[in-house]
Every structure is written in structure tokens, then in C-alpha cells.
Amino acid sequence: MANEKYALLDTDFISKMYLIRKDDTNRLIDKIMAMPDYIFYCHKQISIEVLQYNNAGLSEWLEAEIVDQAILLYDDEAIVDELSEIYGELAPVAYIRMLRIGCDAYRDGYYEENFAAVSKLDAYKITREDFLEKLKLDCDAMGAGRNLGELKSYVLLQFLNMKFGEQIYVFCSDDKNARNGMVAIGGANCISVLSSFIRLRKEIGLSREEAEPYIRSYLSYCLGKGQTTFRIQENSKERRMRKVPCEQVFDELFAGRMDEMKTGNLKYR
């Protein structure tokens, strides 16, 4: 379809949106999944990380969405195989280039530090099987807390961008640096948990009344983390970010006074 939108889901977004709910059978993530014309993707590493969350029912929800093909799952092997259709035996070279770009979004040297086995390869001569083996070796050695899910999402973002030649929407982390990295390396349009309310208002006509129980749930979550304000960009020449009380943000959002930015932040009109 001409109106198809390609969208990437990350661990933090899935987890938080699953927690925001009207009741046990009405979750905000399901509103996202019901938006028309979106085709959702995620990397297998995201499904692995979701298992690590102490969130009852979340991994089962994700598995069901994958089985139903509401979310299309890619792993490294699938990406390399599709790259092989374009680059032939040089598919590892293309993958490594995407991986390095993703690592550089964190800091210089991150690729060499975390992918020692892969970085020592002669990518122009390595076989598909040997490359995937060395890549898995490095990934297994990284362990938790090393941004592996985000790195794999960076690779998948670049691959989807190349595959479709279209802007990719990324439903992603509230982490500012992660969102900025997505925008910088792939020209993505990031959608955060907060800006997803604007997206739902635009895409399915979500009203303030319909959104209210989800807003209450999200505000409760934020309060539990000690968060009482959101940073919103002013409509000024300086484009300063201003802290606005959470409740006020939703009042103004549904009054049409705010819009979303490519970074997933909100701004005043």
C-alpha cells in the first residue's frame, strides 16, 4: 500500500507502553499496534531483553504479536541474508559498516572495544557462517547493560531505510541520547512514550476522554519515578526547553497547543 509506514520498536518503549493501561485488557501498546498502515519491526535482541524485564505478561504479549506477524522479527542472520541478495559475498562488509555507524553514535572506539572478534576479521574474505559466528561471540561477551538492543536496532534501522528507501518511524526509549542517535544515523522520526499520545490523536483520533485512563496510568508511573515535569521546547527564537508540569502538558497537548518533533520531544506551536 502507498500509505504504509515502517516502524521500529525498542525494548524501553514496549515495556513502558505495556505498563500504561486502562485495565488488564486495555493497554496503550495495543492502541499503538492498532494504528492503520503501520508495519512494525523489531530485532530479536529486543525480544531477548524484554524477557529480562520483571513485567508479568510482557514477554508473552510480545511473543504473541510476533507469532501473529503483527511485529516482524529480524535477527542478524536474516539481515545478512537479505544483504547478500544485494552485495553477494560482501554482505558482512555492509553489516559491519552499519554496526560501526551504530557504535559511533555512542562514542569513538565503542566498536573496537565491544566487537574485538569482528573488528579483527578481513570482512572482504570472511564467509557468511564465520562472520555470524564471530558476531555472536562478541555479542555474547558484551553482557547486560551495554546497549546491545539499541545497537542492533541501529543496524536494523539502517537496513530498513536501505530496503524501503523511506523514512522509518522509531518508537523508542525516553533516553535523549538514544533518540538523537536514531535521528542522526538514519534520519528516523522518533516517537517517545509522551509523543505517542500526539501520534494516537493524529492517527486514530484519540480523544482526551478516551486517553484519560491511560494518562492517569502514565502520570502514576512518572510520579513513582519522582518525575513531575516534562521538558517541552518553547515557541521562541532560542527554542529553549522548558520544564512543564506533567498534568499541564496533557491539557495543552489535547488542546492542540503542542506538536511532536523528530527527536520524540514535544514543542509548543
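Just above sits the structure.
Residues numbered from 1 in each chain as written. Predicted model: local features only at pLDDT ≥ 70, side-chain atom pairs only at ≥ 80, totals over all residues. Heavy atoms only, no water.

S.K.: What is the right way to look at helix α5 (residues 76–87) in this model?
M.R.: The periodicity of an α-helix, 3.6 residues per turn, causes residues three or four positions apart to be oriented the same way. Given a rise of 1.5 Å per residue, 12 residues ought to cover 16 Å, and the 16 Å separating the end C-alpha atoms of α5 matches this to within 8%. In the core, the buried residues of α5 are packed alongside β4 (38–43), β5 (71–74), α6 (91–104), α9 (128–142) and α10 (148–164). (Helix = DSSP H or I, 4+ residues; strand = E, 2+ residues; numbered from the N terminus. Expected span 1.5 Å × (residues − 1). Contact = heavy atoms within 4.5 Å.)

S.K.: I tried to follow the sheet that holds strand β9 (residues 241–245) on my own but got confused; where do I start?
M.R.: Strand pairing in a sheet is mediated by backbone hydrogen bonds. Such pairs are either parallel or antiparallel. Taken together, four strands build an open sheet; the order of strands is β9-β8-β11-β10 and the sheet is mixed. Only two strands of the sheet have a single neighbouring strand rather than two, namely β9 and β10 (258–260). Taking the axes of each pair of neighbouring strands and ignoring which way they run, one obtains an average angle of 45 degrees across the sheet. With two bridges connecting them, strand β8 (residues 229–233) and strand β11 (residues 266–268) associate as parallel partners. The partner of Q233 across the bridge, within β11, is K267. (Pairing = 2+ DSSP bridges. Axes fitted to C-alpha atoms, helices over the stretch in contact; angles between N-to-C directions.)

S.K.: Got a minute to help me understand a nonpolar patch on the surface in this structure?
M.R.: A cluster of nonpolar residues, I86, Y87, L90, Y124 and M162, forms a patch on the protein surface that exposes about 490 Å² of accessible area. Relative accessible area serves as the criterion here: at 37%, L90 is assigned to the partly exposed category. (Patch = residues over 30% accessible without salt bridge, like charges linked within 9 Å, V, L, I, M, F, W, Y side chains within 5 Å. Areas by Shrake-Rupley, 256 points an atom, 1.4 Å probe, with all protein chains shown as cover. Salt bridge = Lys/Arg side-chain N within 4 Å of Asp/Glu carboxyl O. Buried < 20%, exposed > 50% of the residue type's maximum accessible area, 1.4 Å probe, protein only.)

S.K.: Help me understand the pairing of strand β6 (residues 168–171) in this model?
M.R.: Along a regular strand, successive side chains alternate from one face of the sheet to the other. Residue alternation in β6 divides its side chains into two sets, I168 and V170 and Y169 and F171, and both sets are buried. By the bridge criterion, four bridges tie strand β1 (residues 5–9) to β6 in an arrangement that is parallel. Following the sheet pairing, A7 is matched in β6 by Y169. By the bridge criterion, three bridges tie β6 to strand β7 (residues 189–191) in an arrangement that is parallel. If you follow V170 over to β7, its bridge partner there is C190.

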